[in-house]
2 protein chains.
Amino acid sequence: MEAIRRIVCTLAFLLLAGFAQAQSTDPLPSWNDGAAKKNILSFVATVTAKGGKDFVPPVERIATFDNDGTLWSEQPLYFQFVFLLDQVKAAAPKHPEWKDNAAFKALAAKDLKALAALGQKPVLELIVAANSGMTVAEYDAAIRKWLETAKHPKFQRPYTDLVYKPQLELLEYLRANGFKTFIVSGGTIEFMRVFSERVYGIPPEQVVGSSQLIKFEMRDGKPVLVREPKLDFIDDGPGKPVGIYRNIGRRPILAFGNSDGDQQMLEMTAAGPGKRLMLIVHHDDAEREFAYDRASHIGKLDKAWDEATARGWTVVSMKSDWKRIYPFEK
Amino acid sequence: MEAIRRIVCTLAFLLLAGFAQAQSTDPLPSWNDGAAKKNILSFVATVTAKGGKDFVPPVERIATFDNDGTLWSEQPLYFQFVFLLDQVKAAAPKHPEWKDNAAFKALAAKDLKALAALGQKPVLELIVAANSGMTVAEYDAAIRKWLETAKHPKFQRPYTDLVYKPQLELLEYLRANGFKTFIVSGGTIEFMRVFSERVYGIPPEQVVGSSQLIKFEMRDGKPVLVREPKLDFIDDGPGKPVGIYRNIGRRPILAFGNSDGDQQMLEMTAAGPGKRLMLIVHHDDAEREFAYDRASHIGKLDKAWDEATARGWTVVSMKSDWKRIYPFEK
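The rules behind the values
Residues numbered from 1 in each chain as written. Chains lettered and ligands numbered in written order. Predicted model: local features only at pLDDT ≥ 70, side-chain atom pairs only at ≥ 80, totals over all residues. Heavy atoms only, no water. Helix = DSSP H or I, 4+ residues; strand = E, 2+ residues; numbered from the N terminus. Buried < 20%, exposed > 50% of the residue type's maximum accessible area, 1.4 Å probe, protein only. Contact = heavy atoms within 4.5 Å. Areas by Shrake-Rupley, 256 points an atom, 1.4 Å probe, with all protein chains shown as cover. Lys, Arg positive; Asp, Glu negative; His and termini not counted. Charge placed at Lys NZ, Arg CZ, Asp CG, Glu CD. Pairing = 2+ DSSP bridges. Axes fitted to C-alpha atoms, helices over the stretch in contact; angles between N-to-C directions. Expected span 1.5 Å × (residues − 1). Phe/Tyr/Trp six-rings, centres within 6.5 Å; stacked < 30°, edge-to-face > 60°. Lys NZ or Arg CZ within 6 Å of the ring centre and 35° of its normal. Parallel < 35°, antiparallel > 145°, perpendicular 65-115°, else oblique. Left-handed = near helix turned anticlockwise from the far one by under 90°. pLDDT = per-residue confidence, 0-100. Salt bridge = Lys/Arg side-chain N within 4 Å of Asp/Glu carboxyl O. Nonpolar A, V, L, I, M, F, W, Y, C, P; charged D, E, K, R; others polar.

J.: Before we move on, could you go through the overall build of chain A and cite the residues and values that matter?
T.: Of regular secondary structure, chain A possesses 13 helices and seven strands. Counting only C-alpha atoms and orienting by the principal axes, one finds that chain A spans roughly 65 × 50 × 40 Å. Going through the 330 residues of chain A one by one, you find that 56% of them count as buried. Residue pairs in contact within chain A that sit at least 24 positions apart in sequence constitute 67% of those at least 6 positions apart. About 13800 Å² of surface is accessible on chain A, with carbon and sulfur atoms providing 55% of the total. Charge-centre separation for chain A: the mean point of 44 positive side chains lies 2 Å from the mean point of 41 negative side chains.

J.: Could you give an account of the sheet that holds strand β5 (residues 254–257) of chain A, naming the residues involved and the relevant values?
T.: Residue and element names in this part refer to chain A. With respect to topology, seven strands assemble into an open sheet ordered β4-β3-β2-β1-β5-β6-β7, the strand pairing being mixed. Where the open sheet ends on each side, the last strands, each with one partner, are β4 (222–233) and β7 (314–317). On average, adjacent strands in this sheet sit at an angle of 30° to one another, irrespective of strand direction.

J.: Give a detailed account of helix α8 (residues 165–176) of chain B, specifying residues and quantitative values.
T.: Residues and elements named next belong to chain B. Across its 12 residues, α8 extends 17 Å between first and last C-alpha, which sits within 8% of the 16 Å expected from 1.5 Å per residue. The buried count for α8 comes to nine of 12 residues, which makes it a mostly enclosed element. Within the span of α8, buried status applies to P166, Q167, L168, E169, L170, L171, Y173, L174 and R175.

J.: Could you give me a rundown of the packing of aromatic side chains, with the residues and numbers involved?
T.: Scanning all chains against the criterion turns up 42 aromatic pairs over all chains. Between F155 of chain A and F290 of chain A, the ring centres sit 6.4 Å apart and the planes meet at 90°, which makes this aromatic pair edge-to-face. In this pair, F155 of chain A is assigned in the loop between α7 (136–149) and α8 (165–176) and F290 of chain A in the loop between β6 (277–282) and α12 (303–311), connecting sequence segments 135 residues apart. Of the two residues examined, F155 of chain A and F290 of chain A, each falls in the buried class. Judged by centre distance (6.2 Å) and plane angle (50°), the rings of F83 of chain B and Y139 of chain B are tilted. A residue pair is termed long-range when its members are at least 10 positions apart, and F83 of chain B in helix α3 (residues 79–91) and Y139 of chain B in helix α7 (residues 136–149) qualify at 56 residues. Given the relative accessible area of 3%, F83 of chain B is considered buried. Judged by its relative accessible area of 0%, Y139 of chain B is buried. Taken together, the ring pairs connect W72, F79, F83, Y139, W146, Y159, F191, F195 and Y200 of chain A into an aromatic cluster. Positioned above the aromatic ring of Y245 of chain B, the side-chain terminus of R193 of chain A is 5.9 Å from the ring centre.

J.: How would you explain the packing of α7 of chain A against helix α9 (residues 189–200) of chain A if you had to name every residue and give the values?
T.: All names here are of chain A. Where α7 meets α9, the closest approach of the two axes is 10 Å, and the angle between their N-to-C directions is 60°. What the angle tells us is that α7 and α9 run oblique. The two elements α7 and α9 meet at a crossing, and its hand is right-handed. Note on element contacts: α9 touches α7 through E190, F191, V194 and F195, opposite Y139, D140, I143, R144, W146 and L147.

J.: Give a description of the side chain of T64 of chain A that names residues and reports values.
T.: Mapped onto the fold, T64 of chain A is located in strand β1 (residues 62–65). Apart from the residues within four sequence positions on either side, T64 of chain A is in contact with F182, V184, I244, I248, P252, L254, A255, F256 and M265 of chain A.

J.: Which residues make up the sheet that holds strand β5 (residues 254–257) of chain B, and what values do they have?
T.: Consider a sheet: its strands pair through backbone hydrogen bonds, and that pairing is either parallel or antiparallel. Residues and elements named next belong to chain B. The seven strands lie next to each other as β4-β3-β2-β1-β5-β6-β7, forming an open sheet whose pairing is mixed. The sheet is open, and its two borders are formed by β4 (222–233) and β7 (314–317), each paired with just one other strand. Averaged over all pairs of adjacent strands, the angle between their axes in this sheet comes to 30°, without regard to strand direction. Seen against the sheet, helix α2 (residues 35–48) touches β5, β6 (277–282) and β7 and runs at an angle of roughly 155° to β6.

J.: Would you mind going over the environment of A304 of chain A in detail, with residue names and values included?
T.: Relative to the helices and strands, A304 of chain A resides in helix α12. Residues in contact with A304 of chain A, not counting those within four places in the same chain, are S259, D260, Q263, I280 and W313 of chain A.

J.: Break down the pairing of strand β3 (residues 207–219) of chain A for me, with residues and values.
T.: Residue and element names in this part refer to chain A. Sheet analysis places strand β2 (residues 180–188) next to β3, joined by three bridges and oriented parallel. Across the sheet, the residue bridging to I183 is V207, located in β3. From the end of β3 to the start of β4, which pair antiparallel, there are two residues, and D220 there has a positive phi angle of about 50°.

J.: Lay out the confidence of the model for chain A in plain terms, naming residues and giving numbers.
T.: For chain A, per-residue confidence averages 91 on the pLDDT scale, and residues scoring 70 or more make up 93% of the total. Taken together, the chains of this predicted complex give a pTM of 0.90 and an interface ipTM of 0.89.

J.: Quick rundown of the pattern of salt bridges? Include the residues and the values.
T.: Inspection of every chain in the model, using the stated rule, returns 36 salt bridges over all chains. We note a salt bridge from D33 of chain B to K37 of chain B, for which the minimum N-O separation is 3.5 Å. Taken together, the shared-partner salt bridges connect K180 and R250 of chain A together with E197 and E205 of chain B into one network.

J.: I'd like a description of the pairing of β5 of chain B, backed by residues and values.
T.: All names here are of chain B. Burial along β5 is two-sided: the residues L254 and F256 and A255 and G257 are all buried. Note: strand β1 (residues 62–65) against β5, three bridges, orientation parallel. Across the sheet, residue T64 finds its bridge partner in β5, namely A255. The sheet contact formed by β5 and β6 spans four bridges and is parallel. Residue A255 lies in a different strand from β6, and its bridge partner there is M278.

J.: Before we move on, could you go through the packing of helix α10 (residues 239–247) of chain A against helix α9 (residues 189–200) of chain B and cite the residues and values that matter?
T.: Contact geometry of α10 of chain A with α9 of chain B gives a least axis separation of 10 Å together with a crossing angle of 60°. Comparing their axes, α9 of chain B and α10 of chain A come out oblique. Facing Y245, R246 and N247 of chain A of α10 of chain A, the residues of α9 of chain B in contact are I189, E190 and R193 of chain B. For the contact of α10 of chain A with α9 of chain B, the per-class residue count stands at two nonpolar, one polar and three charged.

In structure tokens, the structure reads:
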């Protein structure tokens, strides 16, 4: 039955692929013709060519994408940090000990530069403290509510509008070619899961991220999951290959990042056998988005860029490789 | 493109479903007609009936299965514990401190009763110590090698032969009806992942289990993941709903277990809205498999059984509900 299902589905895909090709010869219309687009198309054609020496069976076509700065914007501050501002404000009266906490002081003073310089960990720890005791359902509702109303300071639009159109096309193109697409991000799983399916077509079970300790308990005779005041896992830098191992259990054949926090994920992807594709978004478009790299506190791209250059990984220039950035652009 | 792909695939499924029905009217031929089989067929028909009030969209059709005692046998000792015997023997010279360890003493004396009475945690801790320092690739190879040669003491067959034929049919039937099937087990992710895809049709990324701390490092200029001497997560009892939350992020609508270690997973599944199906395998067939429940150290079924009875969960009798147990039976 399963075998027949697969065969029928494969036939359907082939028919569809033919149909799609007749409709449009360009699966990535928001990408300018250039080396980056060519590398992507060539890689996908190679690993999906049946009988070819670099053919990869569909079950092994794992593609992992960083989120902040790779699938959506991350300036002037990681969007999840902005959410945190509201959460921490609400929780502050219950946490007098925060008055000596550097991350809290930076938040209270809206000192975004100091906050960014502190890095993800102290801020994740504040998030963890701010929402501990909440059930996961309550936390989920708080995130949804925030995302519905909050607006980005530069674009005056909901944060979930600020996803990259070329990447949405790439995700869809990969899935149409039998890839399974995953997010692997330093952000927390909850924050991404509330919109990843609707916005990226990536279901919650394919979102790998940072997480805090969760405990099962009974409240009023009902089983609930409660957030404990302890960080459990940081899915950033060397944590990313670990998160991939824990949640996916297979080495990606394609990985896409934009900062030094993605370097180890890219290295681990590159170290596997057969054809591999490693890509990095370079934010070099101050007009349409933001321009930053080596000196930035948010999304710093320095060592990973050098490695990309040395090893021939694909560096995608926002300015020259992307015809348009956001879906709302004309 | 993705939308079209889904539509074409759905149409293909419908055609296939019609074809399959014409071929055979019974998707679960190894299940005897009875309440358990009826509950399963009725549940699947209900949640997949388009336009019905209990319809569940495919993306939310999450089914979680315990492994030991639910998908394959677990007597006279969890198969992973048998693997441990060999691993610990090999590692013992490097661990003089084990001579005072209760779990190690029980292992060395082959005192299976004492070992079983100790529960999973001290034994998992020994596993963790025995293989710390190994890369995940080396550990993976050790498990594969063991599974290829080891044989079950009663059946004199490879352990991976001892999977339950009725459950293989059920997994396939659920997937053919748009369900995504997951393993959620107290066993370690590595041990299950090496055979879950081939044997159950469940890919590594849909295996949730216990795990030890993993660290990224460079060895001889190559990135590797190394096993640290620390248990990271126990996916058993109250850990199961947490593992489901961490790796899946959606509440199952069907959960299948066989012991008290599955109770919280079943409770969490039952507590969701809409139609739900909770099932428990009762090992009551000493002739064809093993018979054990309330008094057993391995796969103890006591509190979860009482709750199943009180709440009308489906208790599956191996003896009367399953026409045959193993695929190798005639």
